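Observations on chain architecture
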Amino acid sequence: QVQLVESGGGLVQAGGSLRLSCAASGRTFSSYGMGWFRQAPGKEREFIAAISSSAGSTYYADSVKGRFTISRDNAKNTVYLQMNSLKPEDTAIYYCAATRAGSYIYMAPNNYNYWGQGTQVTVSA
């Protein structure tokens with residue numbers, strides 16, 4: 001069992017930056033692949049970025065490529081999402097997720113086994 005807790009969300013002006021953190025419980029964090037998703041009101045949950053268990057592989061949605069960076073610190077059981085050049089359309093609840101298939105990169109939400117409660121990111125124009 002893995003419990004995930006996101007933090008770092010908030011209100012920021014367009015062009016600004018935020019760094020989200022996702023702290024995981026348990027001693028097997030380093031074996032899990034991790035992903036970030038977001039969901040805006042009235043929209044489906046959207047894949048943002050993923051990182052393999054060893055951090056050897058990362059993948060980004062086209063909508064955030066070049067602006068967002070996913071990273072992880074297995075010693076701290078934490079995965080991060082650095083968000084730069086934020087746009088109003090980035091406004092959403094951001095979720096981190098963990099998959100037991102740590103060596104793989106998944107974009108579909110149903111491939112993830114554990115989810116955090118989400119953190120709100122609001123970007124004003």
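This report concerns the structure included in the present document.

Parameters at a glance
Residues numbered from 1 in each chain as written. Predicted model: local features only at pLDDT ≥ 70, side-chain atom pairs only at ≥ 80, totals over all residues. Heavy atoms only, no water. Helix = DSSP H or I, 4+ residues; strand = E, 2+ residues; numbered from the N terminus. Rg over C-alpha atoms; globule rule 2.2 N^0.38 Å. Buried < 20%, exposed > 50% of the residue type's maximum accessible area, 1.4 Å probe, protein only. Contact = heavy atoms within 4.5 Å. Areas by Shrake-Rupley, 256 points an atom, 1.4 Å probe, with all protein chains shown as cover. Lys, Arg positive; Asp, Glu negative; His and termini not counted. Charge placed at Lys NZ, Arg CZ, Asp CG, Glu CD. Disulfide = S-S within 2.5 Å. Salt bridge = Lys/Arg side-chain N within 4 Å of Asp/Glu carboxyl O. Polar contact = N/O pair within 3.5 Å; in protein donor to acceptor, adjacent residues only side chain to side chain.

1. Section: the overall build of the protein chain
Per the secondary structure count, the protein chain includes zero helices and 11 strands. Listing every helix and strand of the protein chain by position from the N terminus yields β-β-β-β-β-β-β-β-β-β-β. For the protein chain, the C-alpha radius of gyration of 13 Å lies close to 14 Å, the compact-globule estimate for 125 residues. Along the three orthogonal principal directions, the C-alpha set of the protein chain runs to about 40 × 25 × 25 Å. Within the protein chain, buried positions represent 44% of all 125 residues. A separation threshold of at least 6 residues defines the contact pool for the protein chain, and within that pool the share at least 24 residues apart is 59%. Total accessible area on the protein chain is roughly 6200 Å²; 47% of this is exposed by carbon and sulfur atoms. For the protein chain, the distance from the average site of its 11 positive side-chain charges to the average site of its 7 negative ones is 7 Å.

2. Focus: the state of the cysteines
A covalent bond between the sulfur atoms of two cysteines is referred to as a disulfide. Per the counting criterion, the structure on display carries one disulfide. Cys22 shares a disulfide with Cys96; S-S distance 1.9 Å. Here the S-S torsion is close to 50°, and the disulfide linking Cys22 with Cys96 is therefore right-handed. Here Cys96 lies in strand 9 (residues 92-99) and Cys22 lies in strand 3 (residues 18-24), a separation of 74 residues in the sequence.

3. Describing the pattern of salt bridges
Applying the stated criterion to the full structure yields four salt bridges. We note a salt bridge from Arg38 to Glu46, for which the minimum N-O separation is 2.8 Å. For Arg38, a relative accessible area of 6% corresponds to the buried category. For Glu46, a relative accessible area of 30% gives the class partly exposed. We note a salt bridge from Asp62 to Lys65, for which the minimum N-O separation is 3.1 Å. Taking relative accessible area as the criterion, Lys65 reaches 48% and is therefore assigned partly exposed. The structure contains a network of salt bridges with shared partners spanning Arg38, Glu46, Arg67 and Asp90.

4. Some words on the environment of Gln120
Locating Gln120 in the fold gives a position in strand 11 (residues 119-124). Judged by its relative accessible area of 37%, Gln120 falls in the partly exposed class. Between the C-alpha atoms of Gln120 and Pro41, which are 79 residues apart in sequence, the distance is 11 Å. Among the polar contacts listed, one links the side chain of Gln120 to the side chain of Thr122, at a separation of 3.3 Å.

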